[in-house]
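# Working through the structure, step by step
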Amino acid sequence: MLGGKKVTVVFVLGGPGSGKGTQCTTIVEHFGFTHLSAGDLLRAEIKSGSQNETMIENMIKEGKIVPSEVTIKLLQEAMIKSENDKFLIDGFPRNEENRAAFENVTKISPAFVLFFDCAEEELEKRLLGRNQGRVDDNIETIRKRFNVFVESSLPVIEYYSSKDKVEKIDAAKPIPEVFEDVKAIFAPYAPQVIYLF
Ligand SMILES: Nc1ncnc2c1ncn2[C@@H]1O[C@H](COP(=O)(O)OP(=O)(O)O)[C@@H](O)[C@H]1O
Ligand SMILES: Nc1ccn([C@@H]2O[C@H](COP(=O)(O)OP(=O)(O)O)[C@@H](O)[C@H]2O)c(=O)n1
Ligand SMILES: [Mg+2]
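Residues numbered from 1 in each chain as written. Chains lettered and ligands numbered in written order. Predicted model: local features only at pLDDT ≥ 70, side-chain atom pairs only at ≥ 80, totals over all residues. Heavy atoms only, no water.

Looking at an unreviewed UniProt entry, one finds the chain named UMP-CMP kinase, with Digitaria exilis as its source organism. Here is the UniProt Subunit (unreviewed entry) comment for the chain, exactly as written: "Monomer." (UniProt positions renumbered as here; feature names shortened; annotations may be inferred.)

## Some points on the site of ligand 2
Taken together, 20 residues surround ligand 2, and among them Lys20, Arg43, Lys64, Val66 and Arg145 come closest. In this structure, an oxygen atom belonging to ligand 2 sits 2.7 Å away from a main-chain N or O atom of Val66. Within the side chain of Arg130, an N or O atom sits 3.0 Å from an oxygen atom of ligand 2. Here ligand 2 is seated within the largest pocket. Listed by contribution, the elements that provide at least two residues to the shell around ligand 2 are helix 2 (38-47) and helix 3 (53-62). (Near = heavy atom within 4 Å. Polar contact = N/O pair within 3.5 Å; in protein donor to acceptor, adjacent residues only side chain to side chain. 1 Å grid on protein atoms, 1.4 Å probe; cavity = no way out; pocket = protein on both sides within 12 Å on 5 of 7 lines; lining within 4 Å. Sits in = over half its atoms within 2 Å of the grid points. Helix = DSSP H or I, 4+ residues; strand = E, 2+ residues; numbered from the N terminus.)

## Re the packing of helix 2 against helix 4 (residues 68-81)
Packing of helix 2 against helix 4 leaves a shortest axis separation of 10 Å and a crossing angle of 100°. The orientation of helix 2 relative to helix 4 falls into the category roughly perpendicular. Contacts between helix 2 and helix 4 involve Ala38, Leu41, Leu42 and Glu45 from the first element and Val70, Thr71, Leu74 and Leu75 from the second. Among the residues forming the contact of helix 2 with helix 4, the class breakdown is six nonpolar, one polar and one charged. (Axes fitted to C-alpha atoms, helices over the stretch in contact; angles between N-to-C directions. Parallel < 35°, antiparallel > 145°, perpendicular 65-115°, else oblique. Contact = heavy atoms within 4.5 Å. Nonpolar A, V, L, I, M, F, W, Y, C, P; charged D, E, K, R; others polar.)

## Concerning the sheet that holds strand 4 (residues 112-117)
Spatial strand order, 2-3-1-4-5: five strands in an open sheet with parallel pairing. Looking at strand neighbours, the two that pair on one side only are strand 2 (34-37) and strand 5 (166-170), the edges of this open sheet. On average, each strand axis in the sheet is tilted by 20° relative to the strand beside it, whichever way the strands run. For strand 1 (residues 8-14) and strand 3 (residues 86-90), the ladder comprises five bridges, and the chain directions are parallel. Bridging from a neighbouring strand, Thr8 pairs with Lys86 of strand 3. Of the strands in this sheet, strand 2 and strand 3 are in contact with helix 2, which crosses strand 2 at around 65°. (Pairing = 2+ DSSP bridges.)

## Quick word on helix 3
All of the buried residues along helix 3 are Ile56, Met59 and Ile60. The buried side chains of helix 3 occupy one side of the element, clustering within an arc of 100° when seen end-on. The secondary structure elements touched by the buried residues of helix 3 are helix 2, helix 4 and helix 7 (139-162). Gly63, located one to two residues past helix 3, shows a positive phi value of around 70°. (Buried < 20%, exposed > 50% of the residue type's maximum accessible area, 1.4 Å probe, protein only. Arc of directions from axis to C-beta.)

## Regarding unusual backbone geometry
Here the amide bond leading from Phe92 into Pro93 is cis, since omega sits at 0°, within 30 degrees of zero. Summarising the element assignment, Pro93 is placed in the loop between strand 3 and helix 5 (96-106). Phi at Asp164 is positive, roughly 60°, even though this residue is not glycine. As for its position among the elements, Asp164 is in the loop between helix 7 and strand 5.

## Let's talk about the layout of surface pockets
Of the volumes computed, that of the largest pocket is approximately 1,100 Å³. Taken together, 46 residues line the largest pocket, and the ones lying closest to its centre are Arg43, Arg94, Arg130, Arg134 and Arg145. Mapped onto the lining of the largest pocket, the elements with two or more residues apiece are helix 1 (20-31), strand 2, helix 2, helix 3, helix 6 (120-128), helix 7 and helix 8 (175-186). It is helix 2 that contributes the most residues to the lining of the largest pocket, seven residues altogether. (Points joined across faces, edges and corners; volume = space filled by probe spheres on them.)

This is the structure:
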């Protein structure tokens, strides 16, 4: 529940460059979810000139995880503002603090967790070729982000795995093939087709 609204939430997780954003865009088109990227919300917050601007900017440059209260507030605001009731939360929760605080504050548990699994060597290639002008897509910060992923984010995936909530996808394959696997998982969420004749 969220301000009286019953919502369906899917957490989309995976190492930096695993294709979370890419696949979310296509899931939105096919299954009518709203895509909320924690990283995008934080980057927008920097541009908006908020009081946390410098703190967020420095954490992103270092590949560190921003305190949960900041990120959760942005996610909550976006969900409340939206008319939709189905959300893909991309890149969150990234550590145990993110996970526990979100559950405590919103009382929402995810329908399931989509986990894009891919080797670091491939992730590194993708990030170095991403070309979105991101301050954290340089080899030094990429290495730090990989460490944070292994030390802080993988345990969150293990937590949900112990609750049988993780749908693991081989994200090393080409984009359309990854989406074929994603599609099979989202089939129960497909819009209903009603024949009127
Ligand atoms: N399956 C894939 N194979 C090859 N390149 C991919 C694949 N999925 C995404 N990419 C590319 O890799 C980069 C990172 O993808 P992105 O969706 O931004 O990942 P994330 O949000 O997980 O960091 C982008 O340049 C994207 O076009
Ligand atoms: N839950 C989150 C998500 C992102 N972030 C920050 O935002 C950065 C970029 O996150 P992102 O999800 O856009 O990165 P990708 O995995 O898409 O490459 C992270 O490295 C963190 O510094 C965060 O602090 N907390
Ligand atoms: Mg992303």
